[in-house]
Amino acid sequence: MRLISLQRPSSGAAVDSNLLEICDLQLLLECPLDLSSLSLFLPTEEALSENARRKKPKKGDSSELVVKAPFRRAGDGVVIDAEPWYQSADLSVLDVALINAVVISRPESMLALPFLTRNPDFTAKIFATYPTATVGKLLMQELVSSHRDFLKLYGASSLENHPEFTQCEVPEALKDCLLGEHNSGILNWHKLYSAEDVLGCMERIQTLRYGEEAPIDGCVVLTPYSSGQGIGASNWVIKGPCSSVTYVSSCDVAAAAASCASQDLTSLDGSQVLLVSAKQPTSSVEKLEMDTEAEPRSRLTTRPWVNARVEFITSHNAKPRMANSVLSEKREPQQRSLLAQVANAAADALSKGGSVLIPTSVSDTVLELIETISQEVSCAKVSGKIFYVSPSAQEFLAFTNTVPEWLSSSRQEKLYNGESLFGHVELLKEGKLSHFPSLSPEVVESGPCVILASHVSLRMGPSVHILNRWRQHSSNLLILTEPDIDVERFLLPFKPLSIQVKHFPLATSARSRGALSSLIDRLQPKFAVVPERLKSVVTSDCDTKILFYVHRAPLKIPSLEEELNMELSADLATRIKPKQTRTGNNAALARLSAEMHFYDGNFYLEMPRVSRMIQTPQRFCGTPDVDALLRALREKGLVDIQQSFAEQPDGSKVPVISVTFQTSASIELNGSETIIKTSDPVLRRLIADAVISCLQII
């Protein structure tokens, strides 16, 4: 078994991507896009009140930074003035024709799939749960729709393999982001796929239910189980004939550890290898979480590059005031705190006459934000409508009411009681929530309100237009919820800002103190395979051996089983006639002729077809008795015999019989084997017949 990490350590992708080689099969675990790379580009020109593309530095300005097109200055930094390309994992190192299956754990981890499925050499099966595939489709369609803003501005690019900005002089500040170390990342940039590519990709996906087994080429069986981190989000058990792997994706580690006492952990138990994928911390808040020496803290800083006051909120300083949570019971406590903090901040802004913008994309977090904010607004007795603006808004909200079997027990209980599964249904009926595919006069001209708008990157879609409209009003509030973002670069094109900015990283993580170690101790696999960057935060009190992997360096996982288990058919079992051996170790042996089959990850022995039955030679077992062998040799006419002992490297002595018959020969009996040494083939045949006569036939 071998593992290769395909995700750059600095990637901001929602999950990591790895290639697992097991039983001569190649499984691609996740296929995400790094949407954080969109922060390197300018937003669409229509959204910028100042034409940053034509702005020139003044002579003598000490901050002057000379760059060449398509790069442009934006404030104190550099951005790209071109149609964005999208960064994937290191798909260029793969031979897509050799991939046997792709495993998808959550919607965000399938955004790069169309880059594979449109390749004519790609023939692998793609596995995901039904909700994951459906929400992933909506995410991709939202991305394609939002990207049209750039196509209207720049036109369709004629380049197919490499973007223009990697073929010209790249500013030093962007080299690592664009090219990677030794230009290793240059092949990871892709021109965005089309709506037709998305539909073609969806046709290749095989959807599964929780607990449903999916065999791959009869060798490996994949089974998804609930991770508790979203509608349809999964952990996977990968079972082969000689090994079994529990795969926990990066965003699911803390949830799996937090639900150890539930049935979710039981379904993961028994695997020999625990494979954990986790992201590299890139944001300031996540780096704080990795600091093992830090005390509980909060950070409130004033950035010199903007007028806005940016507040970073972590789970340590989140103090919810809501009495009752409306969230799933599987959601982490720190997540409930942060969601409540978002609601509190939104209600405070509304009470002061301001409006709130939350850039977002299609996810179940949108549903929880709508519920918590509406409840808090009601408790605070302030007025303010909630708008959800996204090309996929209507389809997503409708879909979430059709999958009760994928929801938590508390949500299902609402269905049995005749209630709506989610609060947005009642809010829509009461007129407290409205959804639109794009900006409308009702949204733009409304009074104090809360707007959840795409795209989460703040580079395209209605969120860019709304921020540009509100950014100079200090009573308004911008709430950022993406965990792994560089807030400075995120807001760079919009400076100067007067709007309030708060960052609530709404995502669980393996970096939560003790979460990963707790998971290892509870599952107790033989091996735990985790990224090397988590080496400082993972320990184990059990006998589990922890292996660490790094980007692009193949990691060989030791063989786990020396013996194979096989199942016999009833007809074959009744024909077996074991014989007791004469060795005195209570062992019995039997010979059989059978056909071996391998499917669903197991070996099976069945009666052979008559046409395949052949006469097989005799087989023998046991160790020759020295006295019996001496008698057998004399019966063969070999009378010139001498017996001695030879000392072995371990100090033991084994009998050696020397025979002379025209030429000399020796017979060494060392317990596990009998060695005959002679240059005379006739003498060798005589001795071999004597040895065989002393063995037991099976």
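Read on for a plain summary of the structure. (Residues numbered from 1 in each chain as written. Predicted model: local features only at pLDDT ≥ 70, side-chain atom pairs only at ≥ 80, totals over all residues. Heavy atoms only, no water.)

1. Brief notes about the pairing of strand S34 (residues 641–647)
Sheet topology note: the S34/strand S35 (residues 653–661) ladder contains seven bridges and is antiparallel. Directly across from Phe645, in S35, lies its bridge partner Pro655. In this structure, the hairpin formed by S34 and S35 is closed by a connection of five residues, where Gly651 is found at a positive phi of approximately 95 degrees. (Pairing = 2+ DSSP bridges. Helix = DSSP H or I, 4+ residues; strand = E, 2+ residues; numbered from the N terminus.)

2. Topic: the sheet that holds S34
Across the sheet, which stays open at both edges, the four strands sit in the order S34-S35-S36-S37 with antiparallel pairing between neighbours. The open sheet is flanked by S34 and strand S37 (674–678), the only strands paired with a single partner. Within this sheet the neighbouring strands show an average axis-to-axis angle of 20 degrees, counted without direction. Of the strand pairs in this sheet, S35 and strand S36 (residues 663–669) are connected by six bridges, and their pairing is antiparallel. Counted as the bridge partner of Val659 is Ala665 from S36. This element, helix H18 (residues 626–635), spans S34, S35 and S36 of the sheet and lies at about 5 degrees to S35. Contacts between helix H19 (residues 681–693) and the sheet are confined to S35, S36 and S37, with S37 contributing the most and set at about 160 degrees to the helix. (Axes fitted to C-alpha atoms, helices over the stretch in contact; angles between N-to-C directions. Contact = heavy atoms within 4.5 Å.)

3. So, the sheet that holds strand S7 (residues 86–88)
Here three strands make up an open sheet; going across it, the order is S4-S7-S10 and the pairing antiparallel. A strand with exactly one partner marks an edge of an open sheet, and here the two such strands are strand S4 (33–34) and strand S10 (189–190). Judged from the two bridges that link them, S4 and S7 form a sheet pairing that is antiparallel. Looking at the pairing, Leu33 lines up with Ser88 of S7.

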